[in-house]
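# Examining the three-dimensional arrangement
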Amino acid sequence: MSLTCRPGCAACCTAPSISSPIPGMPNGKPAGVPCIQLDEDLRCKLFGDPRRPAVCGGLQPEVEMCGSNREQAMHYLGWLERETGSAGILVRI
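Residues numbered from 1 in each chain as written. Predicted model: local features only at pLDDT ≥ 70, side-chain atom pairs only at ≥ 80, totals over all residues. Heavy atoms only, no water.

### Considerations on the packing of aromatic side chains
Scanning all chains against the criterion turns up one aromatic pair. Judged by centre distance (5.8 Å) and plane angle (40°), the rings of Tyr 76 and Trp 79 are tilted. Of this pair, Tyr 76 and Trp 79 both sit in helix α3 (residues 70-84), separated by three residues, roughly a single helical turn. Residue Tyr 76 is classed as buried on the basis of its relative accessible area, which comes to 19%. (Phe/Tyr/Trp six-rings, centres within 6.5 Å; stacked < 30°, edge-to-face > 60°. Helix = DSSP H or I, 4+ residues; strand = E, 2+ residues; numbered from the N terminus. Buried < 20%, exposed > 50% of the residue type's maximum accessible area, 1.4 Å probe, protein only.)

### Some thoughts on the side chain of Lys 29
Its location among the elements puts Lys 29 in the segment before α1 (54-58). An unpaired buried charge is present at Lys 29: no salt bridge exists, and Glu 81, the closest side chain of opposite charge, is 7.5 Å distant. Side-chain polar atoms of Lys 29 contact the backbone oxygen of Thr 14, separated by 2.9 Å. Not counting residues up to four positions away in its chain, the partners in contact with Lys 29 are Cys 13, Thr 14, Pro 16, Ser 17, Ile 18, Ile 22, Pro 34 and Cys 35. (Lys, Arg positive; Asp, Glu negative; His and termini not counted. Salt bridge = Lys/Arg side-chain N within 4 Å of Asp/Glu carboxyl O. Polar contact = N/O pair within 3.5 Å; in protein donor to acceptor, adjacent residues only side chain to side chain. Contact = heavy atoms within 4.5 Å.)

Here it is, written out as structure tokens:
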């Protein structure tokens, strides 16, 4: 089942750590910290931009990951981040 991003969610841009550089975050971002590239509507300002980390484009919405609301998505992605360890295996490229 193909999903589209839920407006106002951005759990995948907040919960996981990202080890690759992001414009404005040259060392990536730690888990639980919103990406600096989120706008006021929690949309990625780099969507479609070649500067967007490849790992971000590779993380596609899925029923298990997204749940039925942002709270469920944050819970699942937080759990996955903890299970993969502090090395950020979830999103390391």
